[in-house]
Amino acid sequence: MKYLLPYFFAGCLCHGCLRPGLPVSEIEPDAGMYRIRTLAFYNVENLFDTVNDSLTADDTRTPEGTDQWTRERYEIKLRHLARVLSEIGLETARRSPDLIGLCEVENRGVLEDLLRQDPLRNKGYGIVHYDSPDRRGIDVALLYKKAFFTPVEHVSRRLLLYDEQNRRRYTRDQLLVYGMLDGEGIYLSVNHWPSRSGGEAATRQYRKQAAALQRKILDSVLREDPFARYVAMGDFNDDPTDNSIRYTLGTRQVPDSLEARDFFNPMEPLFLAGSGSLAYGDMWNLFDQVLLNGNWFADTTGYRFWKARVFRPGYLLTPSGAYRGYPFRTYAGGTYQGGYSDHLPVYAFLLRED
């Protein structure tokens, strides 16, 4: 493993957009000037099958469990998610995303079921997935279009957390994939950092440790490949301005004068302008983010970052009631709603002169 071995074995919602280096007026995808590739990330909110796994705490998501998670409800969820994934970035790229990071998936089987749905069936997606030690059995994964992206190496990096009594807190691994996107080497990391369950302040240290691991992974990649172009995407359970993102990980909200180990965060200006991907307590958060390291802006050849957005078509928002305008979830307050997820997807475009 050329690049990975040395490390791993030693309220308002608005779309908004950011246009560093490439004014929108200069980009005319319809004219064939640029090839567009879409990166997307989606927390799909507890995509569980209906089978009770004796090794994880998935009992509520079974037909006999408190959620009464039946085959019918599971199949509705699959159809809903497939529609969402097939439409992200469609208005610009004219096709479904080329690379999709997912979190809160129970196993590889639910991913295979998802890709069998009509909106995705013929899109030619492949899967990179590892089982993680999360207590509930939820994992991260990468879907990729085999026609455009070829995985070369991939690893799953364990995040070891302990509480004040030195008890292990089991959480999600961080996935790292190196592959060729239309012949260009890129690194993709899919994250789902520890949640705020138990309080933001009480759990802050765990997200800082997750950020430190992600920072360590990038640094190890750069030691072996100083020109590596690296994307970190995920549900970080912190906003772009929180310490774990801004300082531990080391992000910037503008792409000027970045070092290779710096992250540009196109989601920070969106967040400061009022955009969000989830709502809680009458406040919007933007936990779901796509970050790019400085090497994406050091070279004008090959793919370049264009803009990032939150995907928020009307059907993804709760139509009425106390949560009107919030993400339309599968369950709310323990009651089945038949929606999609408690998060909205985020996405970014990469452009290359054709």
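One structure accompanies this document, and this report is about it. (Residues numbered from 1 in each chain as written. Predicted model: local features only at pLDDT ≥ 70, side-chain atom pairs only at ≥ 80, totals over all residues. Heavy atoms only, no water.)

1. Considering helix H4 (residues 108–115)
Right, so step 1: Every buried residue of H4 is accounted for by Val 110, Leu 111, Asp 113, Leu 114 and Leu 115.
Right, so step 2: Residues of H4 that are buried make contact with strand E1 (34–47), helix H2 (71–87), strand E2 (99–105), helix H5 (118–121), strand E3 (125–129) and strand E4 (139–145).
Right, so step 3: Sitting at the head of H4, Asn 107 places a side-chain oxygen 3.1 Å from the backbone nitrogen of Gly 109. (Buried < 20%, exposed > 50% of the residue type's maximum accessible area, 1.4 Å probe, protein only. Helix = DSSP H or I, 4+ residues; strand = E, 2+ residues; numbered from the N terminus. Contact = heavy atoms within 4.5 Å. Polar contact = N/O pair within 3.5 Å; in protein donor to acceptor, adjacent residues only side chain to side chain.)

2. Thoughts on the environment of Val 231
Right, so step 1: Examined against the element boundaries, Val 231 turns out to sit in strand E10 (residues 230–235).
Right, so step 2: Taking the C-alpha atoms as reference points, Val 231 and Leu 292, 61 residues apart in sequence, are found 4.7 Å from one another.

3. What about the pattern of salt bridges?
Right, so step 1: Taken as a whole, this structure holds 30 salt bridges when the rule is applied.
Right, so step 2: For Arg 207, the salt bridge goes to Asp 238, with nearest N and O atoms at 3.0 Å. Of the two residues, Arg 207 sits in helix H6 (residues 200–224) while Asp 238 sits in the loop between E10 and helix H7 (243–250), which places them 31 residues apart along the sequence.
Right, so step 3: By relative accessible area, which is 0% here, Arg 207 ends up buried.
Right, so step 4: Under the relative-accessibility criterion, Asp 238 is labelled buried at 2%.
Right, so step 5: What emerges from the salt-bridge pattern is a single network uniting Arg 35, Arg 37, Arg 95, Asp 98, Asp 182 and Asp 354. (Salt bridge = Lys/Arg side-chain N within 4 Å of Asp/Glu carboxyl O.)

4. Some thoughts on the sheet that holds strand E11 (residues 251–252)
Right, so step 1: Pairing in this open sheet of seven strands is mixed, and the strands run E5-E8-E9-E10-E15-E12-E11 from one edge to the other. Pairing within the sheet leaves two strands with one partner each, and these edge strands are strand E5 (149–157) and E11.
Right, so step 2: Examined bridge by bridge, strand E8 (residues 174–181) and strand E9 (residues 184–192) share seven bridges and lie antiparallel to one another. Bridge pairing in E9 places Gly 179 opposite Ile 186.
Right, so step 3: On the sheet, H6 packs against E5, E8, E9, E10, strand E12 (263–264) and strand E15 (288–293) and is oriented at approximately 35 degrees with respect to E8. (Pairing = 2+ DSSP bridges. Axes fitted to C-alpha atoms, helices over the stretch in contact; angles between N-to-C directions.)

5. Considerations on the nonpolar core
Right, so step 1: Residues Tyr 42, Leu 85, Leu 102, Leu 143 and Phe 149 are the most contacted members of the largest nonpolar core, which totals 74 residues.
Right, so step 2: Residue contributions to this core peak at eight residues, all from E1.
Right, so step 3: Excluding residues that lie within four positions of it along the chain, Tyr 42 makes contacts with Leu 81, Val 84, Leu 85, Gly 101, Leu 102, Cys 103, Leu 316, Tyr 340, Ser 341, His 343, Leu 344 and Pro 345.
Right, so step 4: Among the nonpolar cores identified, the runner-up in size contains 23 residues, and Leu 159, Leu 176, Tyr 187 and Tyr 206 belong to it. (Core = buried A, V, L, I, M, F, W, Y, C linked by side-chain atoms within 4.5 Å.)

6. With respect to the packing of aromatic side chains
What describes a pair of aromatic rings is the distance from one ring centre to the other and the angle between the planes of the rings.
Right, so step 1: Applying the stated criterion across every chain yields a total of 16 aromatic pairs.
Right, so step 2: Relative to Phe 236, the ring of Trp 193 has its centre 4.5 Å away and its plane inclined at 75 degrees; by these criteria the two rings are edge-to-face. Placement of the pair is Trp 193 in the loop between E9 and H6 and Phe 236 in the loop between E10 and H7, with a sequence separation of 43 residues. Comparing Trp 193 with Phe 236 shows no difference in burial state: the two are buried.
Right, so step 3: Relative to Phe 305, the ring of Phe 264 lies with its centre 5.6 Å away and its plane at 70 degrees, an arrangement referred to as edge-to-face. On the criterion of sequence distance, the pair formed by Phe 264 in strand E12 and Phe 305 in strand E16 (residues 304–310) is long-range, its members being 41 residues apart.
Right, so step 4: You can call Phe 264 buried: its relative accessible area is 0%.
Right, so step 5: On the accessibility criterion, Phe 305 (1% relative accessible area) is buried.
Right, so step 6: A connected cluster of aromatic rings, assembled from ring pairs, spans Trp 306, Phe 311, Tyr 347 and Phe 349.
Right, so step 7: The cationic tip of Arg 37 hangs over the ring face of Phe 148; the distance from NZ or CZ to the ring centre is 3.8 Å. (Phe/Tyr/Trp six-rings, centres within 6.5 Å; stacked < 30°, edge-to-face > 60°. Lys NZ or Arg CZ within 6 Å of the ring centre and 35° of its normal.)

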